[in-house]
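Analysis of the macromolecular model
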Amino acid sequence: MKIDGKVALVTGAARGIGFAIAEVLLQKNAKGVTIVDNNKENGEKAAASLCSKYGADKAMFLLTDVTSKEALEVGWFRIGVRLWGKSQCTVSSLCANTPTR
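The paragraphs below set out a description of the structure included in this document. (Residues numbered from 1 in each chain as written. Predicted model: local features only at pLDDT ≥ 70, side-chain atom pairs only at ≥ 80, totals over all residues. Heavy atoms only, no water.)

**Describing the overall build of the chain**
Assigned secondary structure in the chain consists of three helices and four strands. The order of α-helices and β-strands along the chain, N terminus first, is β-α-β-α-β-α-β. Put simply, 71% of the contacts in the chain that link residues at least 6 apart link residues at least 24 apart. (Helix = DSSP H or I, 4+ residues; strand = E, 2+ residues; numbered from the N terminus. Contact = heavy atoms within 4.5 Å.)

**Observations regarding unusual backbone geometry**
The backbone phi angle of N29 is positive, close to 70°, even though this residue is not glycine. Inspection of the secondary structure puts N29 in the loop between α1 (16–27) and β2 (32–37). Using a relative accessible area of 47% as the deciding quantity, one classes N29 as partly exposed. (Buried < 20%, exposed > 50% of the residue type's maximum accessible area, 1.4 Å probe, protein only.)

**Quick look at the pattern of salt bridges**
The tally for this structure, following the rule as stated, stands at two salt bridges. For K45, the salt bridge goes to E41, with nearest N and O atoms at 3.1 Å. With K45 and E41 both in helix α2 (residues 40–54) and four residues apart, this pair spans about one turn of that helix. (Salt bridge = Lys/Arg side-chain N within 4 Å of Asp/Glu carboxyl O.)

**Things to note about the nonpolar core**
Counting 17 residues, the largest nonpolar core has V10, L25, A30, V33, I35 and L50 as its most contacted members. Taken together, the elements giving at least two residues each to this core come down to β1 (7–11), α1, β2, α2 and β3 (59–63). The residues touching A30, leaving out its near neighbours within four places in the chain, are I3, G5, K6, L25 and K58. (Core = buried A, V, L, I, M, F, W, Y, C linked by side-chain atoms within 4.5 Å.)

**Regarding the environment of N42**
Structurally, N42 can be placed in helix α2. Judged by its relative accessible area of 23%, N42 falls in the partly exposed class. Each C-alpha atom, one on N42 and one on F61, is 9.6 Å from the other, the two residues being 19 residues apart in sequence. Apart from residues lying up to four places away in sequence, N42 is in contact with A14 and R15.

Encoded structure:
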């Protein structure tokens, strides 16, 4: 997949593998990357780190509960789409432990 000029959304990207994926997307000239995570402190640090390395408008952080489809859609459409346009690449890099019944 060619990433050049595309918009990406990466869940679980506040650290670890998700962060590494977000960084590779920017190295491959993605237009922008939205870091989606439920850890505010790490998410803000991750976005700031990527912005300082790749440009102030290249990364943003979206604090949301990715186990909630509604929360993810509302957050992304309210913030990400306004900034860059629709997401053309979505990467899920998270582990969510939800109770089963």
